[in-house]
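Notes for the structure review
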Amino acid sequence: MTPAAPRRSTAKRIAVIVAVMGPGLIAANAGNDAGGIATYASAGSQFAYRMLFVMVLVTIALVVVQEMSARLGVHTGEGLVSLIREQFPLRWGAFATACLVVANLGLVVSEFAGIGAALELLHVSRYLSVPIAAVVLWSLVAFGSYRYVERVFLLLTLPFLAYPIAAVLGHPSWTTVATHTLVPHFIASRAFLVVVVALIGTTITPYMQLYQAAAVADRGTGADDYRSARNDAVVGSIFCNVISMSIIIATAAAIGGSGPLSSTKQAALALRPVAGSAATTLFALGLLGASALAAAVVPLSTAYALAEAVGAERSVSRGFREAPLFLGLFTGQLVVGALIALAPGNLIDLLIDTQVLNGVISPIFLTFILVLANRRSLLGAAANGPRMRVLATACVAVVAVLAVAVVGLTVAGWL
Amino acid sequence: MFHFFDIHLPRRGLRAGERLSTPTRMLATQLVSMAGLVGRPVRNQSGLEIGRVRDVVVRWDDSLYPPVTGLVVRVGRRASFLPASSIDSVDREGVALHSAQLDLRDFQRRAGEITLGRDVLDHQLIDVDGVRVVRASDLYLARFAGTLRLVGADVGFSSLLRRLGPRRWRGAPTPSKVIDWATIQPIARPGEAVRMARTRQALHRLRPAELAELVEELGATQGQAFVAALDRAVAADVLEEMDVEHVDELLSEMPTERAADLIAAMAPDEAADILREMDGDDRAEMLRQLPSIARRDLTRLLAYEEGTAGSVMTTTIVGVVVIDSMIDLLVEDRRLARRTS
C-alpha cells in the first residue's frame, strides 16, 4: 500500500511512548527550567554536596504532592483551580488563585531571565533578546504554530541530559556525595535556609501540581487507570530529581565551595568534563530551550486554568473579542514577565529570587491540595487514608515552617 | 413556551453604553441573588432573628424553573431545614416567616432535591443557546407562578467581583450576563446521578455536532455523564461527530454493555474506526458484546487494513428506485456521507 500507512503507525508508536512517559515526567521536568538550573547550580557552588540530603527530602515531598494532584485529576476529571472554585468559599478560592498567578508570574520572569542569560552567553544583549523573545513567543502561540516550534525547544533542552555524565566525569568525591546524601545535616545560617527554600520553590512549584492534575484530567484517565497515573507521577518526580541532584554534583565537583553563583558562565563550567571548550555554547542552548519552552507554556496554562475556573471562553483561536480574559491573562503575563526580566541587575540573582518567591507561596497552594485530597465528599474511597494524611500534612507543614522562617528573616533583615 | 428572561432581560448581556431598560431595572429589583441571600437573617413574625440562611433547597423535577422547597438555616450550630410553606417573604434583606412558631428539623437532603449553594453555584453548567460550558457566578430566585423559583444563572465576571467585595454589595443583583434557567443544562459530578437524571428539552434543539462540541469541552468524566443521559440514538449521533480518540476515552469509562449498545447504534464505518482505535483486548470484548448482525458487519469492515479503501467503506445500503436520476443518487449519497462523517 501507500507509504503513508507505515509512517502513521510509527507516529502512533511514538505517541504511545510519549503517553507512557506521561504528564508526570513532563510536569516534574518543568522543575528543571532556567530557575531550576540556576538554583541547583548555585546550591552546588555555594554549599558543594551539602544540599544533597535536602534534595532527598524534597524528592519525598514532591512524590507525595504530585501523587495527590494526579489522584485529584483522575477522580474528578477537573483542573485544580476549578476544584478550588467549587469546593471552597469564593474568597478562599480567589486567594489561592491570586497566589498561583503571582507564583507563575515569578516563573515567567525567571524564564525570560533565562532567555536573556542564555543569549548573553552567545553575546546578544538581553535588552534586545528578551523583547524579541516575548513578541515571537506570543505570536507563535496566538497564531497557532507553537506546537511545531515546541519540538525544537524540546530538542534544545537535550544538553541538560549531559549533566549526569558530567557529574561522573567530573570525578566528585563519591564518599562525600554518599555521606551528604544519606546523613542528615543542616547549617544554621540564613544563606542555607534561603537556598533550601529556593530548592523547594523550584522543585515543588505550584505550577507543576496544576499541570499534573490538568494533564491527567484532560486525558480522562478514569479511576481504573489511577494506578498507571500514580506510577507515572512517582517515576517522573524521582527521575527529574535525579537529574537535579546530578546538576548539584557536577557543579559542586567543578566549582564547589566558591561561594554563591555569580554568572551563567560560571555555571556552564560544570559541563566542561563532557563538552570541553564547547561547554558554554552547549549550556546556553540548553538554557535557551528550557526557558523558551516554559515561557510559553506557563502563562498559557495559567490563563487556561483561570478561564476554566471563571467559566470564560478559553482558546487561543478565539481572538480578543471572544476570549478577552484568557488572551488578556496570557498576554499580560508575557509583557510583565519580560519587563521585570529587563530591569537592571544580576540575572542569576533574579532567577534565584523568583524561586524563593515560589517556595514561599508553595505551602499556601499545597494546603489547598491537601484539604482537597483529604476530602471524602469529593474523592470517596480515594481520599487520603490516615497514613497518607500524616505524611502529606508533615510535608506541607515542614515546607510552611521553612517558608515562614525565610519571610521572617528577610523582614527582620529590613528592620 | 414562556421564558422568564426572554421578555425582560437581554440574554447576552449589555454592550458598552447600552442602558438597562425600565422593565429590566424593575425586574432586577425583584430578583433575589442567591449569593447575596446566604448569611442573611431569618426573622419570625415579631421580627426576632432566629437564624441565618445557609443554603437554598430546590426540587429537581421537570419544571422549567425549579421551585424552592425550603431553606437550610443555621440556628446556633445546627443546620436546620425550613420548609418553603412557613416562609412569608424573601428579599435582599433576608427572610421573613409567617408565624412565631417554628418546627425546625435537622437538614437532610431528600431524593429529587438539591442544594443550590453547594451543588450548583460555582459549578459548571451548559448554556444550551450559546452552546458552551459556563460556570454559575450567581443564581437568581424570583417569585413567579405563585412560588419562589430558580429563574436564571449569572455567568458574568462582574458578579464574581461583587461576591468578592464587601457584604453590602453582595445582595444587589448585577444581571449583566444572565442565562434563562429554561435554557440551562446542569452537569453531573461523578457519583451524583441526580443532576443528570434527565436532559432538558432545550438540549434537544441542538444538532449532534453541537452536542459533540460540548462533550469535548466538558472533558472525559463529565462528558461521559452527559452522553449517558442522552437518548441512545442521539448519543450515537453525537459520538459519530466526535474525534475517534475522544470517543475511545469516553467509551472506556462506560460499562461495556452500554458502550457496545452505542457502537451498535452508530454508522458501521464510524463504529469500525472507533474499534480500530481500541486495544486488542478491549476490541475483542466489545465485539463479543455486540448483537450478532453488528458484530458480523464490523468484523468484516475491520478486516480491511487502516489506510486501504476498504477501511473507509460502510455496509449501509442505499435504496434507489429505478426512476431516480443519477443526480438524485449522488445527492442521496452525499447526504448519507455527511450524516456519517
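Calculation notes
- Residues numbered from 1 in each chain as written.
- Chains lettered and ligands numbered in written order.
- Predicted model: local features only at pLDDT ≥ 70, side-chain atom pairs only at ≥ 80, totals over all residues.
- Heavy atoms only, no water.
- Helix = DSSP H or I, 4+ residues; strand = E, 2+ residues; numbered from the N terminus.
- Buried < 20%, exposed > 50% of the residue type's maximum accessible area, 1.4 Å probe, protein only.
- Contact = heavy atoms within 4.5 Å.
- Areas by Shrake-Rupley, 256 points an atom, 1.4 Å probe, with all protein chains shown as cover.
- Pairing = 2+ DSSP bridges.
- Axes fitted to C-alpha atoms, helices over the stretch in contact; angles between N-to-C directions.
- Patch = residues over 30% accessible without salt bridge, like charges linked within 9 Å, V, L, I, M, F, W, Y side chains within 5 Å.
- Salt bridge = Lys/Arg side-chain N within 4 Å of Asp/Glu carboxyl O.
- Lys, Arg positive; Asp, Glu negative; His and termini not counted.
- Charge placed at Lys NZ, Arg CZ, Asp CG, Glu CD.
- pLDDT = per-residue confidence, 0-100.
- Phe/Tyr/Trp six-rings, centres within 6.5 Å; stacked < 30°, edge-to-face > 60°.
- Lys NZ or Arg CZ within 6 Å of the ring centre and 35° of its normal.
- Polar contact = N/O pair within 3.5 Å; in protein donor to acceptor, adjacent residues only side chain to side chain.
- Expected span 1.5 Å × (residues − 1).
- Bend = angle between axes of the 7 residues up to and from the residue.
- Core = buried A, V, L, I, M, F, W, Y, C linked by side-chain atoms within 4.5 Å.

1. As for the overall build of chain A
Scanning chain A from terminus to terminus reveals 20 helices and zero strands. Counting over 415 residues, chain A shows a buried share of 55%. Within chain A, residue pairs in contact and separated by at least 24 positions form 83% of the contacts whose partners lie at least 6 positions apart. Accessible surface for chain A amounts to roughly 16900 Å². Of this, 71% is attributable to carbon and sulfur atoms.

2. Side note on the overall build of chain B
Broken down by element type, chain B carries 15 helices and 15 strands. Relative to its 341 residues, chain B shows a buried fraction of 48%. In the form shown here, chain B has an accessible surface area of approximately 16800 Å², with 52% of it arising from carbon and sulfur atoms.

3. Details of the sheet that holds strand β10 (residues 124–127) of chain B
Residue and element names in this part refer to chain B. Pairing in this open sheet of three strands is antiparallel, and the strands run β11-β10-β15 from one edge to the other. Looking at which strands have only one partner, the edges of the open sheet turn out to be β11 (132–135) and β15 (184–186). Each strand axis lies, on average, 35° off the axis of its neighbour in the sheet, ignoring direction. With four bridges connecting them, β10 and β11 associate as antiparallel partners. For Gln124, the partnering residue across the bridge sits in β11 and is Arg135. Together, β10 and β11 form the strand contacts of helix α7 (residues 208–218), whose direction differs from that of β11 by roughly 45°.

4. Considering a negative patch on the surface
On the surface, a cluster of negative charge is made up of B:Glu213, B:Glu216, B:Asp243 and B:Glu245. Position of B:Glu213 relative to the elements: it lies in helix α7.

5. Description of the sheet that holds strand β14 (residues 178–180) of chain B
Residues and elements named next belong to chain B. Taken together, the four strands give an open sheet; going across it, the order is β1-β12-β13-β14, and neighbouring strands pair in antiparallel fashion. At either end of the open sheet lies a strand with only one pairing partner, and these are β1 (32–33) and β14. The pairing of β1 with strand β12 (residues 138–144) spans two bridges and is antiparallel. When the bridges of β12 are listed, Val32 appears paired with Leu141. With respect to the sheet, helix α5 (residues 157–164) is in contact with β1, β12 and β13 (147–154), its orientation differing from that of β12 by roughly 95°.

6. Here we look at the confidence of the model for chain A
Residue and element names in this part refer to chain A. When pLDDT is averaged along chain A, the result is 83, and 88% of the positions lie at 70 or above. Segment residues 1–9 is flagged for pLDDT under 50; beyond a separation of four residues in sequence, or across chains, it makes four contacts in the model. The low-confidence segment residues 11–17, where pLDDT is below 50, has two contacts with residues more than four positions distant or belonging to other chains.

7. Some points on the pattern of salt bridges
Applying the stated rule across the entire model yields 15 salt bridges over all chains. Residue B:Asp138 is joined to B:Arg162 by a salt bridge in which the shortest nitrogen-to-oxygen separation is 2.7 Å. With B:Asp138 in strand β12 and B:Arg162 in helix α5, this pair connects stretches of sequence that are 24 residues apart. B:Arg162 shares its class with B:Asp138; the two are buried. If you follow the salt bridges from partner to partner, you end up with A:Glu78, A:Glu86 and B:Arg135 in one network.

8. What to know about a nonpolar patch on the surface
Residues and elements named next belong to chain A. Among the surface-exposed residues, Leu57, Ile60, Phe186 and Leu391 lie close enough to one another that they form a single nonpolar patch of about 380 Å² accessible area. Take Ile60: it is sitting in helix α3 (residues 52–76). Judged by its relative accessible area of 43%, Ile60 falls in the partly exposed class.

9. So, the pairing of strand β7 (residues 94–97) of chain B
All names here are of chain B. Relative to β7, strand β2 (residues 41–43) is paired through two bridges, and the arrangement is parallel. Within β7, the position partnered with Arg43 by the bridge is Ala96. In terms of strand pairing, strand β6 (residues 87–91) meets β7 through four bridges, oriented antiparallel. Bridged to Ser89 within β7 is Ala96. The hairpin formed by β6 and β7 contains two residues between the paired strands.

10. Comments concerning the environment of A:Thr59
Residue and element names in this part refer to chain A. You can see Thr59 is positioned in helix α3. When the C-alpha atoms of Thr59 and Thr203 are compared, they prove to be 8.2 Å apart, with 144 residues separating the residues in sequence. With near-sequence residues (within four places) excluded, Thr59 lies in contact with Ile238 and Asn241.

11. Thoughts on unusual backbone geometry
Residues other than glycine seldom take positive phi values, yet A:His171 does so here, at roughly 50°. Note on placement: A:His171 falls in the loop between α8 (163–169) and α9 (174–182). A:His171 sits in the exposed class, given a relative accessible area of 68%. Even without being glycine, B:Asp122 reaches a positive phi, approximately 70°. Here B:Asp122 lies in the loop between α4 (116–119) and β10. Residue B:Asp122 is classed as buried on the basis of its relative accessible area of 6%.

12. Here we look at the packing of aromatic side chains
Residues and elements named next belong to chain A. Across all of its chains, the model carries six aromatic pairs over all chains by this definition. Centre to centre, the rings of Phe88 and Phe368 are 4.9 Å apart; their planes meet at 70°, and the pair counts as edge-to-face. Of this pair, Phe88 sits in the loop between α4 (80–87) and α5 (90–121) while Phe368 sits in helix α18 (residues 347–374), and the two are 280 residues apart along the sequence. The ring centre of Phe88 lies 5.1 Å from the NZ or CZ of Arg375, which sits over that ring.

13. What about the side chain of B:Arg135?
Structurally, B:Arg135 can be placed in strand β11. Note on B:Arg135: relative accessible area 1%, which makes it buried. A polar contact is formed between the side chain of B:Arg135 and the side chain of A:Glu86, at a distance of 2.8 Å. Polar contacts involving the side chain of B:Arg135 include one to the main-chain carbonyl oxygen of B:Asp122, which spans 3.0 Å.

14. Points about α18(A)
The periodicity of an α-helix, 3.6 residues per turn, causes residues three or four places apart in sequence to face the same way. All names here are of chain A. Compared with an ideal rise of 1.5 Å per residue, which puts 28 residues at 40 Å, α18 spans 40 Å between its outermost C-alpha atoms and is within 8% of the ideal. For α18, the principal kink sits at Ile361 and spans about 35°; a proline, Pro363, occurs within the next four residues. Judged by how many residues are buried, α18 sits mostly within the fold: 21 of 28 residues are covered. The N-cap residue of α18 is Asn346: its side-chain oxygen and the backbone nitrogen of Ile348 are 2.8 Å apart.

15. Considerations on the nonpolar core
All names here are of chain A. Formed by 123 residues in total, the largest nonpolar core has its most connected members in Met51, Phe112, Tyr163 and Phe283. Ranked by the residues each element gives to this core, the list is headed by helix α15 (residues 279–310), at 17 residues. If we skip the residues at most four places from it in the chain, Tyr163 touches Ile37, Ser246, Ile247, Ala250, Ala267, Ala270, Leu271 and Phe283.

16. A few points about the pairing of β10(B)
Residues and elements named next belong to chain B. Here β10 shows no split at all, with Gln124 and Ile126 on one side and Leu125 and Asp127 on the other all buried. Connecting the antiparallel pair β10 and β11 is a turn made up of four residues, with Val131 showing a positive phi of about 50°. Sheet analysis places β10 next to β15, joined by three bridges and oriented antiparallel. When the bridges of β15 are listed, Leu125 appears paired with Pro186.

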